[in-house]
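Here is what each chain is made of, one letter per residue.
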Amino acid sequence: MFKLTAKAVACALSFAIAGLAQAADPIVIKFSHVVAEHTPKGQGALLFKKLAEERLAGKVKVEVYPNSSLFGDGKEMEALLLGDVQLIAPSLAKFEQYTKQVQLFDLPFLFTDIQAVDRFQRSAQGQGLLKAMESKNITGLGYWHNGMKQLSANKALHEPKDARGLKFRVQASAVLEEQFKAIRANPRKMSFAEVYQGLQTGVVNGAENPWSNIYSQKMHEVQPFITESNHGVLDYMLITNTSFWSGLPADVRGELDKIVVEVTAEVNKQADALNQADKQRIIDAKTSEIISLTPEQRTLWRDAMKPVWTKFEGDIGADLIKAAEAANAQ
Ligand code: LMR
């Protein structure tokens, strides 16, 4: 008869214990992002962690890595696909390698304000874009607002001709490159973590950002002029690795889906107030002159930048552009 030795019993026991410990180990969700914590995305990531760990205590652990501390924006998408992080929320300008349709959001002067952006994102066409990358194993879980972009520079920008010849930092987006070429400025792609230094050392002379990114990165300290142009939007898509999300136990995924809806609503409710508060902080800091545009000057910027639309209409789709424009009118 087969006889178990003490050693074999100990070994079998240790495997059983390890197995039990493994079954009880929480699922770790790494959420990596490139901005500061006191920004719409930074706050959203922290709220997601809080709610997930409260409601799925012991089952889920969320690690949030802000400020490009785990992956910078050149690497975070790759990390998501490799399973090194499970949640990221890149700006909508950073998806062109994966889908051309999301380039829609970069078209200058497409949306009149953040409310119009919100209406489009909630529409059937907007929601459809969340699924545009599923064949690449990327699932969009929701849109998070940051806000409308403002132009900052080392000189006063009232009209497009004031920007001629200046070097502007752009996100990794062909549309944004073309937008600056349209006003005869020089775009330069640069990762978010490098922007402050780029502006400080004069590698670039200007940039485009919502108030919250300008303030939290201290860009106003190295940009003496900020034009309140609201010429485009900087929002995010919260995304996950499709295989990871669909492989979660059903109860965990169901609860996380609910939490995502709740966090998305909260981020989108708070984002504008956060941006306005940061605008006020910049005014109070007295580092930069804030330039308001007259309606005529705004028209000049719009007319100069709008030809970019036709260049990308084929990739994005004329119907999608129409649907986005329709969100302005409501
Ligand atoms: C940028 O690169 O300017 C932004 O995408 C950063 C961010 O995530 O808000």
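Residues numbered from 1 in each chain as written. Predicted model: local features only at pLDDT ≥ 70, side-chain atom pairs only at ≥ 80, totals over all residues. Heavy atoms only, no water.

## Some words on the overall build of the protein
Item 1. Counting its regular elements, the protein contains 13 helices and 11 strands.
Item 2. Taking the principal axes of its C-alpha atoms as reference, the protein extends roughly 95 × 40 × 30 Å.
Item 3. Across the 330 residues in the protein, those meeting the buried criterion constitute 51%.
Item 4. Pairs at least 24 apart in sequence give 75% of the contacts found in the protein among residues at least 6 apart.
Item 5. Carbon and sulfur atoms make up 54% of the accessible area of the protein, which amounts to about 14,900 Å² in all.
Item 6. The positive charge centre, built from 38 side chains, and the negative charge centre, built from 38, are 3 Å apart in the protein. (Helix = DSSP H or I, 4+ residues; strand = E, 2+ residues; numbered from the N terminus. Buried < 20%, exposed > 50% of the residue type's maximum accessible area, 1.4 Å probe, protein only. Contact = heavy atoms within 4.5 Å. Areas by Shrake-Rupley, 256 points an atom, 1.4 Å probe, with all protein chains shown as cover. Lys, Arg positive; Asp, Glu negative; His and termini not counted. Charge placed at Lys NZ, Arg CZ, Asp CG, Glu CD.)

## A short note on the packing of aromatic side chains
Item 1. For the structure shown, the criterion picks out seven aromatic pairs.
Item 2. Here Phe31 and Trp144 contribute two aromatic rings whose centre-to-centre distance is 6.0 Å and whose plane-to-plane angle is 35 degrees, an arrangement assigned as tilted. Residue Phe31 is found in strand β1 (residues 27–32), and its partner Trp144 is found in strand β4 (residues 138–148); the two are separated by 113 residues along the sequence.
Item 3. The exposure class assigned to Phe31 is buried, which follows from its relative accessible area of 0%.
Item 4. The interplanar angle of 50 degrees and the centroid separation of 5.7 Å between the aromatic rings of Phe105 and Tyr143 together place this pair among those described as tilted. (Phe/Tyr/Trp six-rings, centres within 6.5 Å; stacked < 30°, edge-to-face > 60°.)

## Some points on the pattern of salt bridges
Two side chains with opposite charge may pair up if their charged atoms get near one another.
Item 1. Under the criterion given, the structure shown has 16 salt bridges.
Item 2. Across the pair Glu159 and Lys161 runs a salt bridge, and its minimum N-O distance is 3.5 Å.
Item 3. Accessibility expressed as a relative area gives 48% for Lys161, which makes it partly exposed. (Salt bridge = Lys/Arg side-chain N within 4 Å of Asp/Glu carboxyl O.)

## A closer look at the sheet that holds β4
Item 1. Strand order in the open sheet made by the five strands is β2-β1-β3-β10-β4, with mixed pairing throughout. The sheet is open, and its two borders are formed by β2 (60–65) and β4, each paired with just one other strand.
Item 2. Two strands pair when backbone bridges link them, and strand β3 (residues 87–88) and strand β10 (residues 233–241) are joined in this way by two bridges, in the antiparallel orientation. If you follow Ile88 over to β10, its bridge partner there is Ile239. (Pairing = 2+ DSSP bridges.)

## Some words on helix α2 (residues 40–55)
Item 1. Taking 1.5 Å per residue, 16 residues should reach 22 Å; α2 reaches 22 Å between its end C-alpha atoms and fits that length.
Item 2. Among the residues of α2, those classed as buried are Pro40, Lys41, Gly42, Gly44, Ala45, Phe48, Leu51 and Ala52. (Expected span 1.5 Å × (residues − 1).)

## Overview of the site of the ligand
Item 1. Inspection of the region around the ligand gives 13 residues, with Lys41, Lys94, Arg169, Gln171 and Tyr236 positioned closest.
Item 2. Arg169 has a polar side-chain atom sitting 2.7 Å from an oxygen atom of the ligand.
Item 3. Between the ligand and Tyr236, the relevant distance is 2.5 Å, taken from an oxygen atom to a side-chain nitrogen or oxygen of the residue.
Item 4. In the complex, 100% of the free accessible area of the ligand, which totals 270 Å², lies under the protein chains.
Item 5. Tallied by class, the residues present in the shell around the ligand amount to five nonpolar, four polar and four charged. (Near = heavy atom within 4 Å. Polar contact = N/O pair within 3.5 Å; in protein donor to acceptor, adjacent residues only side chain to side chain. Nonpolar A, V, L, I, M, F, W, Y, C, P; charged D, E, K, R; others polar.)

## With respect to the packing of helix α6 (residues 174–182) against helix α12 (residues 308–316)
Item 1. Following both chains from N to C, one finds α6 and α12 inclined at 160 degrees, their axes separated by 9 Å at the closest point. Judged by the angle between their axes, α6 and α12 are roughly antiparallel. The two elements α6 and α12 cross, and the hand of that crossing is right-handed. Counting all contacts with α6, which are made through Ala174, Val175, Glu178, Gln179 and Ala182, the residues of α12 involved are Val308, Lys311 and Phe312. (Axes fitted to C-alpha atoms, helices over the stretch in contact; angles between N-to-C directions. Parallel < 35°, antiparallel > 145°, perpendicular 65-115°, else oblique. Left-handed = near helix turned anticlockwise from the far one by under 90°.)

## Re the nonpolar core
Item 1. Among the nonpolar cores identified, the biggest contains 39 residues, and Phe31, Phe48, Leu87, Leu238 and Leu256 are the most heavily contacted of them.
Item 2. Put simply, the parts of the chain that give this core at least two residues each are β1, α2, β2, β4, α7 (195–201), α8 (211–216), β10 and α10 (250–285).
Item 3. Apart from the residues lying within four places of it in its own chain, the contact partners of Leu87 are Ile29, Lys30, Phe31, Ser32, Phe48, Leu80, Leu141, Leu238, Ile239, Thr240 and Trp245. (Core = buried A, V, L, I, M, F, W, Y, C linked by side-chain atoms within 4.5 Å.)

## Structural notes on helix α13 (residues 318–329)
Item 1. If you check α13, its first and last C-alpha atoms are 17 Å apart, about what 12 residues at 1.5 Å a residue would give, namely 16 Å.
Item 2. On the buried face of α13, the contacting elements are α4 (114–122), α5 (124–129) and α12.

## Looking at unusual backbone geometry
Item 1. In this structure, Phe109 takes a positive phi of about 60 degrees despite not being glycine.
Item 2. Considering the arrangement of structural elements, one finds Phe109 in the loop between β3 and α4.
Item 3. One non-glycine residue with positive phi stands out, namely Lys286, at about 55 degrees.
Item 4. Summarising the element assignment, Lys286 is placed in the loop between α10 and β11 (289–292).
Item 5. The exposure class assigned to Lys286 is exposed, which follows from its relative accessible area of 72%.

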